Amino acid sequence: MRVVLLGPPGVGKGTQAARLSALAGIPHVSTGDMLREAVRKGSPLGRSVRGHVDGGTLVPDEVVGEAIADRLDQEDAAAGFLLDGFPRTIEQVEILDRILKRLGVELSAVVALDAPDSVIVRRLAGRRVCPSCWTVYHLESHPPRSAGVCDLCGSALVQRTDDEEEVIRERLRVYAEQTVAVREAYRERGLLRSVDGAGDANEVFRTLRELVARP
Ligand code: AMP
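Residues numbered from 1 in each chain as written. Predicted model: local features only at pLDDT ≥ 70, side-chain atom pairs only at ≥ 80, totals over all residues. Heavy atoms only, no water.

> When you look at the overall build of the chain in this model, what are you seeing that I'm missing?
A count of helices and strands for the chain gives 8 helices and 7 strands. In terms of C-alpha radius of gyration, the chain reaches 17 Å, essentially the compact-globule figure of 17 Å for 215 residues. Among the 215 residues that make up the chain, the fraction classed as buried is 45%. Taking the contacts inside the chain whose residues are at least 6 apart along the sequence as the reference set, 70% of them involve residues at least 24 apart. Averaging the locations of the 29 positively and 32 negatively charged side chains of the chain gives two centres separated by 3 Å. (Helix = DSSP H or I, 4+ residues; strand = E, 2+ residues; numbered from the N terminus. Rg over C-alpha atoms; globule rule 2.2 N^0.38 Å. Buried < 20%, exposed > 50% of the residue type's maximum accessible area, 1.4 Å probe, protein only. Contact = heavy atoms within 4.5 Å. Lys, Arg positive; Asp, Glu negative; His and termini not counted. Charge placed at Lys NZ, Arg CZ, Asp CG, Glu CD.)

Next up, the structure:
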């Protein structure tokens, strides 16, 4: 299974991808997580992308392309992978085409998860993450047992800089501007499947699972 999951930030891609990859036994490759981790570690990659990640603008295609090529070369990606957050531009679609060609494999599906902006802003602005173990919470739908504290490791929860409302609006604008073309490219190739991401997460997951299991 080699799946690309598309959708605006906050539509639930990360949650759904994590569940699907666990079920299918394939890695969940999230460029957002990879880049945030690089920033946290202060690696050369992290230092070069920090301004973009914190500001909600796209990292240059060749930088993220190189990171994804390295990741897909790893052994655990040989049996399949679930891409989350990549490709985001037409140039990245072409970069992915070249990587897949070199690996001698093809995508099995491209799934687009969608939801209205109002739903997304509410979801993202309420999101809190644990800076130590990366567990994700939500003030309304998945609050920690004790306010502001991670259930698993007891660290103080934080709001991602890019989950602040002003940054969310910028991310949605960037998404609308650049990613719609990615969707079109995959639609033309007959690979695109659409899923309504506004509903209950379990229902979304059932739909998603059926879609990607279908040949
Ligand atoms: P995400 O968690 O997917 O919303 O990504 C967080 C941030 O990482 C984005 O706002 C971008 O700055 C950067 N990023 C993640 N994936 C990509 C990508 N495919 N191309 C460029 N920048 C990306």
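> How should I be thinking about the site of the ligand in this particular structure?
Taken together, 18 residues surround the ligand, and among them Thr-31, Thr-57, Gly-85, Gln-92 and Arg-171 come closest. At 2.6 Å, a backbone N or O of Thr-57 approaches an oxygen atom of the ligand. Interatomic distance of 2.7 Å between a side-chain N/O atom of Arg-171 and an oxygen atom of the ligand. Considering the ligand on its own, with 470 Å² of exposed area, one finds that the protein chains cover 96% of that surface. Listing elements by their share of the shell around the ligand, those giving two or more residues are α2 (31–41) and α3 (44–55). Considering every element that reaches the shell around the ligand, the biggest residue donor is α2, with 4 residues. Of the residues belonging to the shell around the ligand, the class tally is 6 nonpolar, 7 polar and 5 charged. (Near = heavy atom within 4 Å. Polar contact = N/O pair within 3.5 Å; in protein donor to acceptor, adjacent residues only side chain to side chain. Areas by Shrake-Rupley, 256 points an atom, 1.4 Å probe, with all protein chains shown as cover. Nonpolar A, V, L, I, M, F, W, Y, C, P; charged D, E, K, R; others polar.)

> Teacher, can you tell me more about the packing of aromatic side chains here?
The geometry of two aromatic rings is summed up by the distance between their centres and the angle between their planes. A full pass over the atoms with the stated rule returns 0 aromatic pairs. Against the face of Phe-205 rests Arg-19, its NZ or CZ located 4.2 Å from the ring centre. (Phe/Tyr/Trp six-rings, centres within 6.5 Å; stacked < 30°, edge-to-face > 60°. Lys NZ or Arg CZ within 6 Å of the ring centre and 35° of its normal.)

> Help me out: how do you make sense of the side chain of Arg-160 in this one?
Inspection of the secondary structure puts Arg-160 in the loop between β6 (136–138) and α7 (165–188). For Arg-160, a relative accessible area of 14% puts it in the buried group. Filtering out sequence-adjacent residues up to four positions away, Arg-160 remains in contact with Arg-36, Arg-127, Val-129 and Arg-171.

> Sorry if this is basic, but what is going on with the packing of α2 against helix α4 (residues 61–72) here?
A pair of packed helices can be characterised by two numbers: the angle between their axes and the separation between those axes. Two elements in contact, α2 and α4, have axes separated by 11 Å at closest approach and are oriented at 105°. On the basis of the axis angle, α2 is roughly perpendicular to α4. Seen from α2, the contacting residues are Thr-31, Met-34 and Leu-35; seen from α4, they are Val-64, Ala-67, Ile-68 and Arg-71. Partitioning the contact of α2 with α4 into residue classes produces 5 nonpolar, 1 polar and 1 charged. (Axes fitted to C-alpha atoms, helices over the stretch in contact; angles between N-to-C directions. Parallel < 35°, antiparallel > 145°, perpendicular 65-115°, else oblique.)

> What is the right way to read the sheet that holds strand β7 (residues 192–196) from this model?
The strands that make up a sheet pair up through hydrogen bonds in the backbone, lying either parallel or antiparallel. Spatially, 5 strands are ordered β2-β3-β1-β4-β7 in an open sheet, and the strand pairing comes out parallel. Bordering the open sheet on either side are β2 (28–30) and β7, each of which pairs with just one other strand. On average, adjacent strands in this sheet sit at an angle of 25° to one another, irrespective of strand direction. Sheet topology note: the strand β1 (residues 2–6)/strand β3 (residues 81–84) ladder contains 4 bridges and is parallel. The partner of Arg-2 across the bridge, within β3, is Phe-81. Seen against the sheet, α7 touches β1, β4 (109–114) and β7 and runs at an angle of roughly 140° to β4. (Pairing = 2+ DSSP bridges.)

> Explanation requested: α3 in the structure shown.
Residues that lie three or four places apart on an α-helix share one face, since the helix turns once every 3.6 residues. What α3 keeps buried is the set Gly-46, Val-49 and Val-53. Seen along its axis, α3 keeps its buried residues to an arc of 95°; they face one direction. Residues Pro-44, Arg-47 and Gly-51 are exposed on α3 and point more than 90 degrees away from its buried face. Where the residues of α3 are buried, they touch α2 and α4. Positive backbone phi, at 75°, marks Gly-56, one or two positions downstream of α3. (Arc of directions from axis to C-beta.)

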